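Examining the three-dimensional arrangement
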Amino acid sequence: MNNTQLKILDLSIPFKNLNNEALEIIAEKCIITSIQSGTSLFEEDDISDGLYIIVSGLIEISKNNKSKKISRNHTGQTIGSITLSRLNKRSASAYAVEPSTLIKFPRTAFEQLAQHRPDITHTIEQALINRTHRLHLGFVMRTNPMFTNLPLKVLDAIENMALITFVKNGDILWEQGNTSSYFYIVITGRLRIWHSSPTKIKSGLQKEIGPGETVGELGTITNEARKAGLRSLRDSTIACITREQLTKLLTQYPEVMNTLLVRIVAHHFEASHPKHEHAKNASNTIALIPINAGVSISKIGQNLGLSLSKTGKTLVIDSATNDTMLGIPGFSQSPLDNHKNTTFFNWLNDLEFKHQHIILIADNSCSNWTRRCVHQADHLLFVANSDASPRLGSIEHELLTTENHLGIRKSLLLIHPKETKVPKNTQLWLSHRKIGMHYHLRRDHEKDFARLARFLTGRSVGLVLGGGAARGFAHIGVLRALEEKNIPVDLIGGTSMGALIAAQYAMQKDLKKITRSTLKLCLAGDKLTIPLVSLYEGFKMAKGLKHLFRNSAIEDLWCRFYSVSCNLSRAKVMVHDSGPLLDAVTASNIPPGLFPPKVVDGDLLVDGALLNNVPVDIMTRYNEGGLLIAVDVNPKDDLLANTTYDGGLSGWQVLKSKLNPFKTKMQIPSILDVLMRSTSIGGLAQQKNVMTGIADFYLSPPVADYPLLAYKNADKIIEDSYQYTLKQIANWQFKL
């Protein structure tokens, strides 16, 4: 190797931090190679056998058989890398654009050197890891709309000046009230904003920050104290940008940086919109963890991987597969404090960059690999057979008591036999553990796996059905149209008539059966009583609802369900998302004045339409990041063109006008119409938010011409709504 080549080697990224002695050792192991124009240096998916440093010439990097050009590399630049994996494949191809000379540092030489001079190989590894981090930082910045179309020189400046840091799961990055002097860009992993003083309305744990997203940038500009704390949910790599660095960039690139500052402010106000207030579920790395040693989760992972692969490149990996990919038997079980842990962490992160979804299959013990799955995952999915003991399992207990898991998503997945009709005793499982969500899944049931995949990746579909008495039959027309267009319903909730239909749909009853049972209930009527508490006794209605829902529990439903009622005693909305399904539907279907209120813990509960007729805001609690469809059958204008009268009005007077054929009939709504309309009037105050704010799609079927009590027109209402919904769906633009 001549002096020029040695100097290029000395200045290259992998070797620039080595002393002269180490550099001479490296130089002895390098190979000088030359290739002609148009010749391939290596191909995509070739096994990586070393890295190259360009001495002279020009090398182009491309993917997909040269169809996607990535970069052109000149003298002094490094191509390829040496990773932990002996079997790591090249992620792109390299071709000579002109005759080129390169220095090759073979993998075999690196491995031999690691045996005798680990100090040298460790320095090289750290330099390559830092290079990879900065390449990844550049990539994730380009995926963030905040940095879109910024000049490359500005992006490169940010990339080069950023301080890149590794943080462990559970690390606190700043406390609420701290001074704002820097912000973070997440490269890999996940952070979470949290409030030190949560309220009953607002949870302590708030929005998640994933790869490519920024946090703290507005406070860094305004120099305000941190309004919330920030912690790491999992092992993560983050880039830190200080106020001083922003000021320096503003001086160098004033016009560009002013554009960036405007975007930061605009992003802040957009994020405060009701649609973005709740955390977005966009888990990329999911860990399947058996609750007990007897749970076989490999096949579950493979089937889930098939569902996820329909939306992006997916990798399912267990400890044995990981060792095979690395080419190092037993390495997955190395302690987390092993000296090569950082390299292992970056190997897993590199896999995340190459795949949209990764499923980590934990061992059937609390092994080092299982612990590593906990540290690496965005979402922990504890898996159990539904017929096993619901108590905390040995693996689950050890992980939850020894690992820092505060704030990370934790869910329960109960596996049922394929022939299961209705899950049972789910509440026993939930009573022993604190989790965010639970899911029911039948073995080898494709639709169940597809539903789970949508939940885990923030693509689930939530449907909210509003109240509206007979007009509520329009919901059945909506559901019919959604089914016909293969739009799934993963979560369903509602108020009043909407809750009644939603609950039956969550039980997986077919639409014809729902129509018959609902119509039978509504036409059954009830017995008038002395109007001290209500006009009707409510016994027939209670009996009919009990016949429909019997002993069903909300937790046992395949489809997540909730309803809302109004607490008259405390003037607030009550959300019913657990316990007996009968109680949840009953509480939401008691128009005040018509039926006696439901008494719960001494409080009076009545129809939820009184305060929240289309509770789409409640749906955001359960359907983070997913699609929200709201169905409103309550028109803003109703009961119009009434006859004017002076002072009071006698019922006999109204009756005579209706019976006397020679007298003009008075157009006055009945007491039932007035009470029903009064019940839903409060929900109209939120109609604008539902239409233009939280819901992705707002449906308002044409049912205003049907009276509130026109139950005998149910079939017409369903058909009108069905035709209307089909036309609306034709204009929707979305991808599940």
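Described below are features of the structure shown in this document. Because the structure is a prediction, the values reported are computed rather than measured.

Description of the pairing of strand S14 (residues 236-242)
Extensive coverage of S14 is indicated by the burial of six of its seven residues. Pairing geometry for strand S7 (residues 163-167) and S14, over five bridges, is antiparallel. From the neighbouring strand, Leu163 faces S14, where its bridge partner is Cys240. One ladder, built from six bridges, connects strand S9 (residues 182-188) with S14; its direction is antiparallel.

Thoughts on the side chain of Ser534
Tracing the backbone shows Ser534 in the loop between helix H18 (511-523) and helix H19 (539-549). Ser534 sits in the buried class, given a relative accessible area of 5%. For Ser534, the residues in contact, after removing those within four places along its chain, are Thr529, Gly593, Leu594, Phe595 and Pro596.

Topic: the sheet that holds S9
As summarised here, the arrangement of the four strands in space is S7-S14-S9-S12, forming an open sheet in which the pairing is antiparallel. Strand pairing shows two members of the sheet lacking a second neighbour, S7 and strand S12 (214-215), which therefore form its edges. Taken strand by strand, helix H4 (residues 118-143) contacts S7, S9 and S14, and its axis lies near 100° from that of S9. The strands touched by helix H7 (residues 243-252) within the sheet are S9 and S14, with S14 carrying the most contacts at an inclination of about 60°.

As for the environment of Asn613
Structurally, Asn613 can be placed in the loop between strand S26 (603-607) and helix H21 (616-622). C-alpha separation for the pair Asn613 and Met497, spaced 116 residues apart in sequence, amounts to 9.9 Å. In terms of polar contacts, Asn613 uses its side chain to reach the backbone amide nitrogen of Gly467, at 3.1 Å.

Side note on the pattern of salt bridges
Considering all chains together, one arrives at 26 salt bridges under this definition. Taking the shortest distance from any N to any O, the salt bridge between Glu208 and Arg190 comes out at 3.5 Å. Of this pair, Glu208 sits in strand S11 (residues 205-209) while Arg190 sits in the loop between S9 and strand S10 (191-194); the two residues are 18 residues apart in sequence, bridging distant segments of the chain. Residue classification places Arg190 among the buried positions, given a relative accessible area of 3%. Sharing partners across several salt bridges, the network here consists of Arg190, Arg192, Glu208, Arg234, Glu352, Asp378, Arg409 and Glu624.

Remarks on the nonpolar core
The biggest cluster of nonpolar side chains holds 61 residues, and the ones touching the most others in it are Leu463, Leu482, Ile492, Phe549, Phe561 and Ile629. Not counting the four nearest positions on each side in its chain, Ile492 is found in contact with Leu463, Leu465, Leu479, Ala502, Tyr505, Ala506, Cys559, Arg560, Phe561, Tyr562 and Met619.

Some details on the packing of aromatic side chains
Under the criterion given, the structure shown has 14 aromatic pairs. Chaining the aromatic ring pairs together yields one cluster made of Phe15, Phe105 and Phe110. Sitting over the ring of Tyr182, Arg226 keeps its end group 5.1 Å from the ring centre. The ring of Tyr722 is capped by Arg480, whose NZ or CZ atom sits 3.6 Å from the centre of that ring.

Quick look at the packing of helix H17 (residues 497-506) against H19
Axes are the key here: two packed helices are described by the angle between their axes and the distance separating the axes. Running from N to C, H17 and H19 cross one another at 25°; their axes reach a closest spacing of 11 Å. Taken together, the axes of H17 and H19 are roughly parallel relative to one another. Within the contact between the two elements, H17 uses Leu500, Ala503 and Gln504 and H19 uses Leu545, Leu548 and Phe549. Classifying every residue of the contact of H17 with H19 by side-chain character gives five nonpolar, one polar and no charged.

A word on the pairing of strand S6 (residues 93-106)
Most of S6 is tucked away: 11 of the 14 residues are buried. Summarising the sheet, strand S1 (residues 31-35) and S6 pair through five bridges and their orientation is antiparallel. Across the sheet, residue Ile31 finds its bridge partner in S6, namely Lys104. Taken together, the two bridges between strand S2 (residues 40-42) and S6 define a ladder with antiparallel strand orientation. Paired with Phe42 across the two strands is Ala94, which belongs to S6. Where strand S3 (residues 50-63) lies against S6, 11 bridges are found, and the strand directions are antiparallel. The residue bridging Tyr52 from the neighbouring strand is Lys104, located in S6.

Some remarks on the sheet that holds strand S17 (residues 357-361)
Judged by pairing direction, the sheet is parallel, and its six strands sit side by side in the order S16-S17-S15-S18-S19-S20 without closing on themselves. The open sheet has two free edges, formed respectively by strand S16 (314-317) and strand S20 (437-442), since each of these has just one partner strand. Pairwise comparison of adjacent strand axes, ignoring direction, gives a mean angle of 20° for this sheet. Alignment of strand S15 (residues 285-290) against strand S18 (residues 379-385), held across five bridges, turns out to be parallel. Bridging across to S18, Leu288 finds its partner in Leu381. Packed on one face of the sheet, helix H9 (residues 298-308) meets S15, S16, S17, strand S19 (409-416) and S20 and runs near 175° to S17. Docked against the sheet, helix H12 (residues 368-376) engages S15, S16, S17 and S18, running at close to 150° with respect to S17.

Section: the side chain of Gln245
Within the secondary structure, Gln245 sits in helix H7. Contact partners of Gln245, with chain neighbours within four places excluded, come to Met161 and Cys240.

With respect to the environment of Asn623
Inspection of the secondary structure puts Asn623 in the loop between H21 and strand S27 (627-631). For Asn623, a relative accessible area of 2% translates into the label buried. In the structure, Asn623 is positioned 133 residues away from Asp490 in sequence and 8.9 Å away in space, judged by C-alpha atoms. Filtering out sequence-adjacent residues up to four positions away, Asn623 remains in contact with Ser460, Val461, Gly462, Leu491 and Leu628. A polar contact is formed between the side chain of Asn623 and the side chain of Ser460, at a distance of 2.3 Å.

Things to note about helix H10 (residues 319-326)
Buried residues of H10: Ser319, Asn322, Asp323 and Leu326, and no others. Across the axial projection of H10, the buried residues extend over an arc of 100°, all falling on one side. Elements that come into contact with the buried residues of H10 comprise S16, helix H11 (341-354), S17 and H12. Gly327 sits one or two residues past H10 and shows a positive phi near 75°.

Brief notes about a nonpolar patch on the surface
A grouping of Ile530, Leu532 and Val533 is seen on the molecular surface, where their side chains present a nonpolar patch of about 380 Å² in accessible area. Among the secondary structure elements, Val533 is positioned in the loop between H18 and H19.

Things to note about the packing of H9 against helix H15 (residues 446-456)
Two numbers describe how H9 lies on H15: the axes approach to 9 Å, and their chain directions differ by 70°. By the angle between their directions, the pair H9 and H15 is classed as roughly perpendicular. Seen from H9, the contacting residues are Ile300, Asn303, Leu304, Ser307 and Leu308; seen from H15, they are Phe449, Ala450, Leu452, Ala453 and Leu456. Taken together, the residues of the contact of H9 with H15 break down into eight nonpolar, two polar and no charged.

Here is what the cut-offs are and how they apply
- For every chain, the first residue of the written sequence is number 1, and numbering continues from 1 onward in sequence order.
- Under the rules for a predicted model, residues below a pLDDT of 70 receive no local features and side-chain atom pairs below 80 are neither given nor counted, while totals for whole chains, interfaces and linings still include all residues.
- Values reported for side chains reflect all heavy atoms of the structure, with hydrogen atoms and water molecules removed beforehand.
- Throughout this description, buried means an accessible area under 20% of the type-specific maximum (1.4 Å probe, protein chains only), exposed means over 50%, and partly exposed covers the range between.
- In this description a helix means any DSSP run of H or I spanning at least four residues, a strand means any run of E spanning at least two, and both kinds are numbered starting from the N terminus.
- Here, a strand pair is defined by DSSP locating no fewer than two bridges between the strands.
- Note on definitions: a residue-residue contact is assigned when non-hydrogen atoms from the two residues lie within 4.5 Å.
- In this analysis an axis means a line fitted to C-alpha atoms, helices contributing only their contacting stretch, and an angle means the value between N-to-C directions, from 0 to 180 degrees.
- Whenever two N or O atoms come within 3.5 Å, that pair is a polar contact, provided that in protein one can donate a hydrogen and the other can accept it, and provided that, for residues adjacent in sequence, both atoms are side-chain atoms.
- Here, a salt bridge means any Lys or Arg side-chain nitrogen found within 4 Å of an Asp or Glu carboxyl oxygen.
- The definition of a nonpolar core used throughout is a set of buried Ala, Val, Leu, Ile, Met, Phe, Trp, Tyr and Cys residues joined through side-chain atoms within 4.5 Å.
- For this analysis, a ring pair means two rings from Phe, Tyr or Trp (six-membered ring only for Trp) whose centres lie within 6.5 Å, classed as stacked if their planes differ by under 30 degrees, edge-to-face if by over 60, and tilted for the remaining angles.
- Charge-over-ring contacts are defined here by two conditions on Lys NZ or Arg CZ: a distance within 6 Å of the ring centre and an angle within 35 degrees of the ring normal.
- Oblique is the label for any angle not under 35 degrees, not over 145, and not in the 65 to 115 range, which are roughly parallel, roughly antiparallel and roughly perpendicular in turn.
- Charged residues are taken to be Asp, Glu, Lys and Arg, nonpolar residues to be Ala, Val, Leu, Ile, Met, Phe, Trp, Tyr, Cys and Pro, and polar residues to be all remaining types, Gly included.
- What the arc measures is the spread of directions leading from the helix axis to the C-beta atoms.
- By definition, no residue in a patch forms a salt bridge, and every one has over 30% relative accessible area; like charges are joined within 9 Å, nonpolar side chains (Val, Leu, Ile, Met, Phe, Trp, Tyr) within 5 Å.
- Each accessible area is a Shrake-Rupley result for a 1.4 Å probe, and residues are judged covered by the shown protein chains and nothing else.

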